[in-house]
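Spelled out, the chains give:
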Amino acid sequence: MSRLLLGWSDYWAPFIQADDKIIRITAVHRGLFEASDGNTDFRCYLSGKLQHSTSSAGELPAVGDWCIVSSPFINEQNLPALLIQRVLPRRSKISRVAAGTVADEQIIAANVNYAFIVTSANRDLNINRLHRYVLLAEEGAVTPVVLLSKIDLCHDYCFQVEKIKQALPQVGVVCTSMQGQIITDELRSLLKPGTTSVFIGSSGVGKSTLVNHLLGKQIQATKMIREGDDRGRHATSARELFLIPNGGMIIDTPGLRELRVFGSEENVKATFKSVNELARECRFSDCSHAAEPGCAVQAAVVAGDIDAKEIENYQKLLREMEHKNRKMDKRFASNAKKRWKWISVAARNLRKR
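All chains use their own residue numbering, which begins from 1 and follows the written sequence. In view of the model being predicted, local features appear only for residues whose pLDDT reaches at least 70, and side-chain atom pairs are presented and counted only at 80 or more, with totals across whole chains, interfaces and linings using the full set of residues. Side-chain numbers come from the whole structure's heavy atoms, not from hydrogens or water.

Chemist: Provide a residue-level description of the pairing of strand β4 (residues 66-69), including the pertinent values.
Modeler: Three labels apply to residues, based on accessible area from a 1.4 Å probe with only protein chains included: buried if under 20% of the type maximum, exposed if over 50%, partly exposed otherwise in between. The numbering of helices and of strands both runs from the N terminus, where a helix is a DSSP run of H or I of at least 4 residues and a strand a run of E of at least 2. Covered by surrounding structure in β4 are Trp 66 and Ile 68 together with Cys 67 and Val 69, the residues of both alternating faces. A pair of strands is considered paired only if DSSP assigns at least 2 bridges between the two. Here four bridges tie strand β1 (residues 21-29) to β4, and the two strands are oriented antiparallel to one another. Pairing of Lys 21 across the sheet is with Val 69, part of β4. With three bridges joining them, β4 and strand β6 (residues 80-87) adopt antiparallel strand pairing. Following the sheet pairing, Cys 67 is matched in β6 by Val 87.

Chemist: Give me the lowdown on the nonpolar core, citing residues and values where you can.
Modeler: Judged by nonpolar contacts, the single largest core of 57 residues is most densely connected at Ile 94, Ile 164 and Val 198. Counting residues per element, this core draws most heavily on helix α2 (residues 127-139), at seven residues. Contacts: residue pairs with any heavy atoms within 4.5 Å of one another. If we skip the residues at most four places from it in the chain, Ile 164 touches Leu 125, Ile 127, Leu 130, Val 146, Leu 148 and Val 173. We call a set of buried Ala, Val, Leu, Ile, Met, Phe, Trp, Tyr and Cys residues a nonpolar core when their side-chain atoms join them within 4.5 Å.

Chemist: Explain helix α3 (residues 157-167) to me, using residue names and the numbers behind them.
Modeler: All buried positions along α3 are accounted for by Gln 160, Val 161, Ile 164 and Ala 167. Projected down its long axis, α3 shows its buried positions confined to an angular sector of 135°, all on one face. Summarising the geometry of α3, the exposed residues directed more than 90 degrees from the buried face are Cys 158, Phe 159 and Gln 166. In this context, the arc is that of the directions from the helix axis out to the C-beta atoms.

Chemist: Give me the environment of Ile 107: which residues, what numbers.
Modeler: For Ile 107, the location among the structural elements is in strand β8 (residues 105-110). For the pair Ile 107 and Lys 93, spaced 14 residues apart in sequence, the C-alpha separation works out to 7.0 Å. Contacts of Ile 107, omitting those with residues within four sequence positions, involve Gly 58, Ala 62, Arg 90, Lys 93, Ile 94 and Ser 95.

Chemist: An account of the environment of Glu 277 is requested, with residue identities and associated values reported.
Modeler: Looking at the element boundaries, Glu 277 is found in helix α7 (residues 273-279). Residue class for Glu 277 comes out partly exposed when judged on its relative accessible area of 40%. Along the primary structure Glu 277 and Val 297 are separated by 20 residues, whereas in three dimensions their C-alpha atoms are 9.1 Å apart.

Chemist: Please give an account of the pairing of strand β15 (residues 249-252) that cites residues and values.
Modeler: It is a general feature of regular strands that their side chains alternate between the two faces of the sheet. In β15, alternate side chains face the same way, and those of Met 249 and Ile 251 on one face and Ile 250 and Asp 252 on the other are all buried. Where strand β13 (residues 196-200) meets β15, four bridges bridge the pair, whose relative direction is parallel. Paired with Thr 196 across the strands is Met 249, a residue of β15. Note that strand β14 (residues 240-243) and β15 share four bridges and pair antiparallel. Opposite Phe 242, over in β15, you have Ile 250 as the bridge partner.

Chemist: Describe the packing of aromatic side chains, with residues and values.
Modeler: Any two rings among Phe, Tyr and Trp, with Trp reduced to its six-membered ring, count as a pair given centres within 6.5 Å; such a pair is stacked if its planes are under 30 degrees apart, edge-to-face if over 60, and tilted if neither. Inspection of every chain in the model, using the stated rule, returns eight aromatic pairs. Between the aromatic rings of Tyr 11 and Trp 12, the centroid separation amounts to 5.2 Å while the plane-to-plane angle is 85°, which identifies the pairing as edge-to-face. Given the relative accessible area of 1%, Trp 12 is considered buried. Consider the rings of Phe 272 and Tyr 314, whose centres lie 5.4 Å apart with planes at 65°: the pair is edge-to-face. Taken together, the residues span a long stretch of sequence, with Phe 272 in the loop between α6 (265-271) and α7 and Tyr 314 in helix α9 (residues 308-352) at a distance of 42 residues. For the pair shown, Phe 272 and Tyr 314 are each scored as buried.

Chemist: Requested: an account of the packing of α2 against α3, with residues and values cited.
Modeler: For helices, the fitted axis covers only the stretch in contact; all axes are lines through C-alpha atoms, and the angles between them, taken along N-to-C directions, range from 0 to 180 degrees. Following both chains from N to C, one finds α2 and α3 inclined at 50°, their axes separated by 11 Å at the closest point. Classified by the interaxial angle, the pair formed by α2 and α3 is oblique. Classified by chirality, the crossing of α3 by α2 is right-handed. The residues of α3 that touch α2, namely those facing Ile 127, Leu 130 and His 131, are Lys 163, Ile 164 and Ala 167. Throughout this description, any angle smaller than 35 degrees is read as roughly parallel, any larger than 145 degrees as roughly antiparallel, any in the 65 to 115 degree range as roughly perpendicular, and the remainder as oblique. Throughout, a crossing is termed right-handed when the near helix is turned clockwise from the far one, and left-handed when it is turned anticlockwise from it by less than a right angle.

Now the structure itself:
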């Protein structure tokens, strides 16, 4: 298998030298990385230089990253291993604000073409949550696709498809059912050789079942839906990249319990296309769509042309992103200050030698 089948392109050519050894991260464990160069699988470890030069978790290797590494060596388990020396710039990414009190970026998947937002047709569908996932993808320059799973458990799934298309007209929708083994040609046509896709969504929506079917074998653990509420159960515990036979690559991810987003106001407006179009007709250009006179958005709510909950979610996301962006900016400034202080100390010590 060549690097091209692993997703390599000329995009990264300016960032490497002719004799650099390049690998792609296929799995991340605590303190250990799995990777491939297209021919051989390796276990990888962070070099000391990389550990000291990174100022946040978002700069460390993630699944899908391309990295420059050392010459191979044999580790303590008698397996081929490498030291990761540098992470190449990301062409795209799926990331969120990491869980916890400290604002930091958590990279879910790097260098991906499509983000399949998996939501089950039976009990899981939540338009507000879909808006967040779409924003997550578009903020990272990834094409979002809503994948409606378990349609065999919902007799009116066509209504749900229309509901999604009305709320997210710019996003494609694909339907699947593992009970009837329905994997549409539309889905397979997107999974072309050399492309990378990531499956994201809540726990139990059927991501791992879909991955297993596409791979043609049981790779990821799956669990039966719970009796009483038809909900699936959490199965995947780590992010991992898999190669589809005669196709591209897919990254399966654990269910996201908390989805905190950050990014630009422009992308929020683009995600809420219907709200943004109405906002252009407001009397004031800086209208908050709350109680201002001449607000076209509130007029549409009164007329029943748009759901008030969509406006509420739109405003909530804008406030949340503004808050998270402030925290992220402060964290970045603090980390940059610490990093330059470390570089200055290292330079002084070098001059003293």
